[in-house]
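# Structural features, examined
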Amino acid sequence: MVDQLPNRGREAEMLSAMGYASMDDLFSDVPVDVRMNEDLPLRGPQTEEEIIADARRLLGANVPLGTMASFIGAGLYRNHVPAAVFQLVTRGEFLTAYTPYQAEVSQGMLQAMWEFQGLISELVGLPVANLSVYDGSSAAAESITCAVRVHGRKATQKGVVYISEMVPPDRWSVIHNYTQGGGIELRKLRHLADGTLDPASVAEAAGSCAVYVEQPNPLGLLDGSLTGVKDIVGEHTAFIVGVNPVSLGLYEAPGHYGADIVVGEGQPFGSPMTAGGPIYGIFACSKAYMRQMPGRIVGRTIDEDEQTAYCLTLSTREQHIRRHRATSNLCTNETLIALMGAMHMSLLGPEGVRNLAVRNAAALHAVVQALNGVDGVEFVHPSGHHFNEIAVQLPGPAADCIEALEAHGVLPGFDLGRWSEDRTNQLLVTATDQTRPEEIERLATAMAAWCAEVVA
Amino acid sequence: MVDQLPNRGREAEMLSAMGYASMDDLFSDVPVDVRMNEDLPLRGPQTEEEIIADARRLLGANVPLGTMASFIGAGLYRNHVPAAVFQLVTRGEFLTAYTPYQAEVSQGMLQAMWEFQGLISELVGLPVANLSVYDGSSAAAESITCAVRVHGRKATQKGVVYISEMVPPDRWSVIHNYTQGGGIELRKLRHLADGTLDPASVAEAAGSCAVYVEQPNPLGLLDGSLTGVKDIVGEHTAFIVGVNPVSLGLYEAPGHYGADIVVGEGQPFGSPMTAGGPIYGIFACSKAYMRQMPGRIVGRTIDEDEQTAYCLTLSTREQHIRRHRATSNLCTNETLIALMGAMHMSLLGPEGVRNLAVRNAAALHAVVQALNGVDGVEFVHPSGHHFNEIAVQLPGPAADCIEALEAHGVLPGFDLGRWSEDRTNQLLVTATDQTRPEEIERLATAMAAWCAEVVA
Amino acid sequence: MNNLWDFTGAKGSGYAQPAPLVPESELTFATSLLRKDAPRWPRLSEPEMVRHYTNLSRRNFGIDTGFYPLGSCTMKHNPRVNEVIAQMPGICDIHPHQPEHHLQGLLAIFHEMQHMLAVCAGMDAVTLQPVAGAQGEFTAVRCIQEYFRERGEAQRTRIVVPDSAHGTNPASAAMAGFEIVEVPSTEDGRIDLQALEAVLDDTIAAMMITNPNTLGLFETDIAAASELVHGVGGQMYYDGANFNAIIGRTSPGLMGFDAVHYNLHKTFSQPHGGGGPGSGPIGVKAHLAPFLPGPVVDVREAEEGERTVELGRWFHWREPEHSIGKVQQWHGNAGAVLRCWAFYRRYGRDLRTMSEHAVLNANYLRHAIHHEAKEAGVDHLFVDGARTDVAKHEFTLSMQPAKEAVGVTAMDIAKGLLDLGYMAPTVYFPLVVPECLMIEPTETEAKDTLDQFAKDFVAVVGTDPATLHAAPVTTPVRRVDEVYAARNLCLRVPEEDL
Amino acid sequence: MNNLWDFTGAKGSGYAQPAPLVPESELTFATSLLRKDAPRWPRLSEPEMVRHYTNLSRRNFGIDTGFYPLGSCTMKHNPRVNEVIAQMPGICDIHPHQPEHHLQGLLAIFHEMQHMLAVCAGMDAVTLQPVAGAQGEFTAVRCIQEYFRERGEAQRTRIVVPDSAHGTNPASAAMAGFEIVEVPSTEDGRIDLQALEAVLDDTIAAMMITNPNTLGLFETDIAAASELVHGVGGQMYYDGANFNAIIGRTSPGLMGFDAVHYNLHKTFSQPHGGGGPGSGPIGVKAHLAPFLPGPVVDVREAEEGERTVELGRWFHWREPEHSIGKVQQWHGNAGAVLRCWAFYRRYGRDLRTMSEHAVLNANYLRHAIHHEAKEAGVDHLFVDGARTDVAKHEFTLSMQPAKEAVGVTAMDIAKGLLDLGYMAPTVYFPLVVPECLMIEPTETEAKDTLDQFAKDFVAVVGTDPATLHAAPVTTPVRRVDEVYAARNLCLRVPEEDL
Ligand SMILES: Cc1ncc(COP(=O)(O)O)c(C=O)c1O
Ligand SMILES: Cc1ncc(COP(=O)(O)O)c(C=O)c1O
């Protein structure tokens, strides 16, 4: 029996109040030839207790990373979301609200999102941030269409955008899907052997609509040369930087070295990995891009009595007003997850976010030290500084390594062969603030054993 | 570093605003000879993350009943608390409030407790219920002192109270501690061989201040003779019944067969077992006992504008007014747990509570059927009807049985030897709505194996 | 109330962290990139943070606090058990790139959802990847685009959208590079078959439409429209935002659609979270299936030694043959899909009953409002947004008569309802209904609530205009000045407040 | 708003349950006992239930919503991680009668708490069994009673309690069968040694006292008082409700106490839950330890094969030799003890810092109020409840001057504060201070909050009496008629509303 319907048992009463005899009367407008006449061929209803039991059984069959020594990241990072965040975000007033169309009864979420915008703005060093988009990849994609809208006219390389060749294929694919309809041409920005951007390639990008790079890059490498990019590409080319926001606790805000748009995966602030979603994408830009930005934005304003109030603003960019001329189709977004991010950031504060970045750096340092001692393992970019993750060269396929180490309860990283055929023997090893010393030990030991076996 | 103190780092500023130089100045009134001059010999502070890790490790070393086939009850019962209950009760407005001294800003809790009183009143069949006491045992104890206060004068057996000899020693001990100071004499009410009350013993109790019995009794037995007790003991003897509230979904409310006071452990409604606390005690009575009742009670009233409002009432019974002449010392109680009970009951409704009782009855029925087939196992009261639990006679000590069955992942019940030396070979086997068929199978199989071994 | 930057309390962090695994002094950094100034974030202790967000929440309206008849948004009750499940480590603490044998539970749930969604909509294949309805639309349009490219019909560059369509429809199609052809509705708010026919030719890739339409009416000519579009070789796309009205009674498949998106957050109760997250899977007929973004979940017979969650069945990812690639980098909003799975399990095949109750409630409320209005003598102040006998899960009212008679707008009515403790209906959508109020009660509202709302709605309609112009007065702030917001953009904490 | 019985919606149950293991038709019941009429409970669906309790909560004030300076109640922030831990199956789903080897984690936590509490209070042994402060008092008094019976001093039938004591002190002692001897305080609110001496003789079993006392003052003569009581062979009992003021700075042990109860829900932040649950462990000196209720947790060397949670240590229950038996049937409020353990771990030895901040905040607020009052020229309307330089964790103000001058009572001030969004201080306690307001900010309030409260408090004091008499006006209901409640007892839903 379904227990979520308050009017069960009152159907007849309600129907007769309307002068109807049966439910069928309410569906009389459905033409006979499109009617479904049989029961749905689906299972019967379950009770809460049965659903929990099944969920326990099914989800219990998944392997949470916390039950292994896990070094997989590659864009999503294990973190600790403070307990207060979950308890506050599940308050019904937040959880069960929708887009704050009626500002007067939505001040809570509006203010929280306005504050979120301020937190992101400060973090990335740009004056404008929206209240988030779907995820890091669509943020990247929409930053590019946004840049093309802004620079389309003045660009000498019309419709051309340069994207770091390091961008993983899945994200590349999202970017492709979002940009192909706009007649945008995606070209690759090359990297040097040490992993940093090739200045020659950057020079080629001058006059295009945008360059898109990531800092740290998808192999965790920090690239000092990015601080010079804006000067090279010039005023009429958008310099877009994708970030891991935690790194900005320690490393310079891209807005401070010339970035016009900063995007990124917000997940490490406030959200568990959750198999990849819901998470949220960060989108921030300078004023020049503001009116071409996707997504919602909250402004501070006043009410009739001149009290401070908040409301959605710049809505004329959006689909519900501008329809097919909108800057994006974004409607339902990731507000609640962004709210979790805001809560997490507000607890951390300036010192806490630095601390968090240092913990991440320290964990990777410990991993590097441990792997340094393993015969057969080399670092792909040994001279570079890394954050959160590092690519290592193995004596055999990364896929084999991952399979072999499972017996030791170790998930040693991400198989870079999935990104590129050149990299089948490379593993992306990730460490975060949640990495524990004994896990690193287990990694090193298991890796040493496997390498010895492979080499032998 | 401790992170819960908002004024860390502002101590000097605040002290100097008061004209003080140091924290020591604020403790200048502590005489030198009672000062503690060294650091507390305790561990250092931990972070949230470290506390969670330690809690996981320590609590993870406990054995939750859900991980075994478990048949232990004996006063606490495995149940399923609907998900909505936890999410609502942890809302800060409920969780972090205290006693509603200021009614105007505490209407939520006051109304919820008034509703709780109504739910309990209807369930037990008595007009008055307080907003709960500590637990079922102190409820029993306070019901007795309450009865003595009411009947002390007219009783022919002054200060004498008759208590079912089946009451477990731990509860008996609580009753003893609560009553010994009032010059109350506790006498035993005897039971017949079939487990029901001995009518002769009940007759002896006539003219005493109170008789206290439980329905179902601590061995799970339902006693039809209780419906006649009030007639035997008469008007001036309080008839007190301790209940398992779930049983009242199916079985008659004691208030409907003459009970003057009904008490019980509220736990199965709304609260997990939680190792025995926090739980809550039910206390309901007829009007005659109301002014001698322990604990808080909420009344419906009006505000200045004649709107409906709620407030604590009948406070002149209580310690903060009446001090040593109070009806009880109760101050902090179990309101939040009672609130969980109210939420659970409100979701169940009249049909749901019956359903829940039937599920409990059915589970015990299935256990009885399964054990019926086991050679060497006998039921202690085979002719009786039981609810939730049943006493079985084993071919060897219950303690051995419990130990032996652990290897099969079965906790077969409660060792009745802990209640009485006569019962070392008896086990109290409990089934609830949470008992699963495969658990019953495991119990029967393991029990059969053990019995065979013992008998051989 | 305070904003975050008013807090200057906790020195150090409001949230203490364990020491780094290696002391900072031993670390080496990319020195040239080190941050010069810390972000100027506020400093809150946990007590302050908890109180701040608690009080913000108390200034927000949700389904949990009151009736939320926001048309087109399906604000139904969110069963609480779903949140419990969504916090289990088997979903929170898993990575999408873990090996398949680490994720059999998740894959089983995905597979069940793909199947269920396909069955309910009469489609052949489903992907769960899109994370919102609009992304679902975009994904489906991309699939259609590639389908035609594959077939050498690249000339199909136009997509037909009714004028009553939700803004995401044209926006999504435009993002994919299509030209939008808007067709007007008939006077009673339905498809104008003639107008449709007039724009159809072999440049048309698809028609996007929702049914029941945005006026809450069932498009009785839907089969004919499908035939027309198919007749010129186009595809029929079903906007599933209104799917809550029809499950088990009809299906997009039966109506002739080729592709559909689902708004799981609407129909299947993923909480809307003040704006999201959502989940927007799409379903397609077989001919479009090879184009779906990958991976999707498939099942094969389990091999020896594989630890299965369903006897003999091994779930695995599969890349559709001509996949358009990805629209989200991972597997979509898995956590939302999980909640919706739990919701589905609560109903099973009784999803049909759910839809019936959604329609029952909408029609009942519509009748109650008209009845009460007549009693109160204010029935001349509004009219149905479209003439019809029965509505589906929602209905529209036009306040145009009130505007003309007494100068009261739909927005005034909305604000008046806020004062009585309701969320307002959707206002000014669809654009084709002047002074539109769009009301969707959903199936989880009790008759008593509907009765009361009908009374209160009519009372608001009958309130004197001056009072309504001044509404709301009981909310945390009075009517918010959106023009001021746009003229005096303040999108973050001002420098002077740092 | 609605009460539960206004809901008549869901037919059947608002909460569907799995089928019974055996069909009802196959069951046999105790027929003569079967219930004739179902309890007349309301019928709510989950959507209605969630909304009902959400809205009830919104009519309630908690620490999470605002400053809660309720003196003597120590309304401090409740760290949220504690709630997470308290919902783990390793605490929720365990039974107190499981074998010891099933409960090693719980026992380890209990043992750590017993040790920590003993150390902080300077006691030798601790039981965690009492579930609230009052039950702790009662338990300790019972131990003292048995101790004297054991020693053949049954003539000690009287207990001394200062007139400023909390009502639970005399009530608990009376429940155990003692006669209460009330001693007056001195003019400045402290122990009157002479008055004390005057009542002491060999019929005295104990003196119960709290320090800092209920006026927030440290009892500087406490050692002398202990000596006097011990001098006639009596025991000194420490009411630990005010322990938050002194941890790490002094201890009951140092002051000469023999027994103490802890209000874990106050000092160690178990959330007060609108009235409870609490936890009221007691600590005693060695001579009383054999009388403690059992079991307590002890530790021994682990034996081979025992799966320990701490290397080499095996935790086990132990029954004290002359135990008074039980005051709660199980092991007390284990779930509360667990939360308090998590709280303790957050501070460790820095509990001392916690107490310092509690005292700092109280003194700072007291100064700020007096300062603001002087500035505003309303300092003649109230006086300190007791003369002192420094307070401890709380302080009292007497509104007697206001009452005399303008007819404004402590209750009026309290209601005025409600209108400004504060919980009111404790009013009319202790009884020895006329028109008393008792203010305890706790350590978790920020300086900004204290500054603002001082300003607002003074503003309320300066408000015109008529306005204050009419307060509160911004709360969900206006001033509630308690007399009406007592005269027209309505303790449950009336028959006519069923
Ligand atoms: C009719 C209709 N279509 C499409 C959408 C877009 O869905 P989403 O908001 O999930 O992107 C919506 C929702 O707002 C809608 O109401
Ligand atoms: C001074 C004092 N003593 C004793 C108590 C009683 O504690 P509890 O309420 O936990 O029973 C209280 C608490 O209210 C108190 O303030």
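Conventions used here
Residues numbered from 1 in each chain as written. Chains lettered and ligands numbered in written order. Predicted model: local features only at pLDDT ≥ 70, side-chain atom pairs only at ≥ 80, totals over all residues. Heavy atoms only, no water. Contact = heavy atoms within 4.5 Å. Buried area = accessible area lost by both parts, 1.4 Å probe. Salt bridge = Lys/Arg side-chain N within 4 Å of Asp/Glu carboxyl O. Polar contact = N/O pair within 3.5 Å; in protein donor to acceptor, adjacent residues only side chain to side chain. Helix = DSSP H or I, 4+ residues; strand = E, 2+ residues; numbered from the N terminus. Near = heavy atom within 4 Å. Nonpolar A, V, L, I, M, F, W, Y, C, P; charged D, E, K, R; others polar. Phe/Tyr/Trp six-rings, centres within 6.5 Å; stacked < 30°, edge-to-face > 60°. Buried < 20%, exposed > 50% of the residue type's maximum accessible area, 1.4 Å probe, protein only. Lys NZ or Arg CZ within 6 Å of the ring centre and 35° of its normal. Domains from an automatic or database assignment. Pairing = 2+ DSSP bridges. Right-handed = clockwise from strand over helix to strand, strands pointing away.

### Focus on the interface of chain A and chain C
In this complex, chain A contributes 193 residues to the contact, which on the side of chain C involves 210 residues. Each partner contributes to the roughly 17,300 Å² buried at the junction of chain A and chain C, and carbon and sulfur atoms together form 61% of this total. Contact with chain C buries surface across chain A, with A:Tyr98, A:Glu104 and A:Arg323 losing the most and accounting together for 5% of the total. Connecting chain A to chain C are 17 salt bridges. The salt bridge involving C:Arg492 is made with A:Glu122; its shortest N-O contact spans 2.9 Å. For the interface between chain A and chain C, the tally reads 102 residue pairs in polar contact (both at pLDDT 80 or more). Counting residues per element, the side of chain A that touches chain C draws most heavily on helix α12 (residues 335-372) of chain A, which supplies 25 residues.

### Here we look at the site of ligand 1
In the region of ligand 1, 15 residues are neighbours, and A:Thr332, C:Ser72, C:Gly133, C:Asp239 and C:Lys266 sit closest. At ligand 1, the nearby residues belong to more than one chain, namely chains A and C. Contacts to ligand 1 include C:His166, whose side-chain N or O atom sits 3.4 Å from an oxygen atom. At 2.5 Å from a nitrogen atom of ligand 1 is found a side-chain nitrogen or oxygen belonging to C:Asp239. Elements supplying a minimum of two residues to the shell around ligand 1: α5 (133-150) and α10 (264-267) of chain C. Broken down by element, the shell around ligand 1 gets its largest block of residues, 3 residues, from α5(C). Among the residues making up the shell around ligand 1, the classes are represented as 5 nonpolar, 7 polar and 3 charged.

### Concerning unusual backbone geometry
Cis geometry marks the peptide bond from A:Gln215 to A:Pro216, where omega comes out at -10°. By the secondary structure assignment, A:Pro216 is in the loop between β5 (208-215) and α10 (229-233). You will see that B:Ser132, though not glycine, has its phi angle at about 95°, which is positive. Relative to the helices and strands, B:Ser132 resides in the loop between β2 (128-129) and α7 (136-151).

### Concerning the interface of chain D and chain A
Each side of the interface is counted separately: chain D has 20 residues, and chain A has 15 residues. Where chain D abuts chain A, roughly 1,500 Å² becomes buried across the two surfaces, and 52% of that area is made up of carbon and sulfur atoms. The shortest N-O distance in the salt bridge between D:Arg58 and A:Glu93 comes to 2.7 Å. Counting the contacts that link chain D with chain A gives 6 residue pairs in polar contact (both at pLDDT 80 or more). For the side of chain D that touches chain A, the elements supplying multiple residues, two or more each, are α1 (46-58) and α2 (81-86) of chain D. For the side of chain D that touches chain A, the leading source of residues is α1(D), giving 5 residues. Its residues assigned to classes, the side of chain D that touches chain A shows 7 nonpolar, 7 polar and 6 charged.

### Description of the packing of aromatic side chains
Applying the stated criterion across every chain yields a total of 42 aromatic pairs over all chains. Considering the side-chain rings of C:Phe61 and C:Tyr68, the 5.6 Å spacing of their centres and the 65° angle between planes classify their relative orientation as edge-to-face. For C:Phe61, a relative accessible area of 10% gives the class buried. Classification of C:Tyr68 as buried rests on a relative accessible area of 2%. Plain terms: the ring middles of D:Phe382 and D:Phe457 are 5.8 Å apart, the flat faces sit at 80° to each other, and that makes the pair edge-to-face. Of this pair, D:Phe382 sits in the loop between α12 (351-376) and β10 (383-384) while D:Phe457 sits in helix α15 (residues 447-461); the two residues are 75 residues apart in sequence, bridging distant segments of the chain. For D:Phe382, a relative accessible area of 3% puts it in the buried group. Accessibility expressed as a relative area gives 0% for D:Phe457, which makes it buried. Each member of the aromatic cluster is reached from another via a ring pair, and the members are C:Phe67, C:Phe382, C:Tyr422, C:Phe453 and C:Phe457. Between A:Lys188 and the ring centre of A:Trp172, over which it is positioned, the NZ or CZ distance is 5.2 Å. For D:Lys392, the ring lying beneath its charged end belongs to B:Phe27, and the centroid distance is 5.1 Å.

### Topic: the site of ligand 2
With respect to spatial proximity, 15 residues lie near ligand 2, and among them B:Thr332, D:Ser72, D:Gly133, D:Asp239 and D:Lys266 are the closest. With respect to ligand 2, the chains having nearby residues are chains B and D. D:His166 has a polar side-chain atom sitting 3.5 Å from an oxygen atom of ligand 2. The separation between an oxygen atom of ligand 2 and a polar side-chain atom of D:His265 is 2.7 Å.

### Here's the deal with the domain arrangement of chain A
Residue and element names in this part refer to chain A. Along its sequence, chain A is organised into domain 1 (66-80 + 351-455) and domain 2 (84-344). Spacing between the C-alpha centres of domain 1 and domain 2 amounts to 29 Å. Contact residues are listed per partner, giving 27 residues for domain 1 and 29 residues for domain 2. Where domain 1 abuts domain 2, roughly 2,200 Å² becomes buried across the two surfaces, and 68% of that area is made up of carbon and sulfur atoms.

### Some points on the pairing of strand β4 (residues 185-189) of chain A
All names here are of chain A. In this structure, strand β3 (residues 157-164) lies alongside β4, joined through 5 bridges in parallel fashion. Of the residues in β4, the one forming a bridge with Val160 is Glu185. Remark: the β3/helix α8 (residues 169-179)/β4 crossover connection has right-handed handedness.

### Points about the pattern of salt bridges
One pass over the full model with this rule turns up 108 salt bridges over all chains. C:Asp201 is paired through a salt bridge with C:Arg158; the nearest N and O atoms lie 3.5 Å apart. You can see C:Asp201 sitting in the loop between α7 (193-199) and β4 (204-209) and its partner C:Arg158 sitting in strand β2 (residues 158-162), a full 43 residues away along the chain. A single network of salt bridges, built from pairs that share partners, joins A:Arg91, A:Glu93, B:Arg91, B:Glu93, C:Arg58 and D:Arg58.

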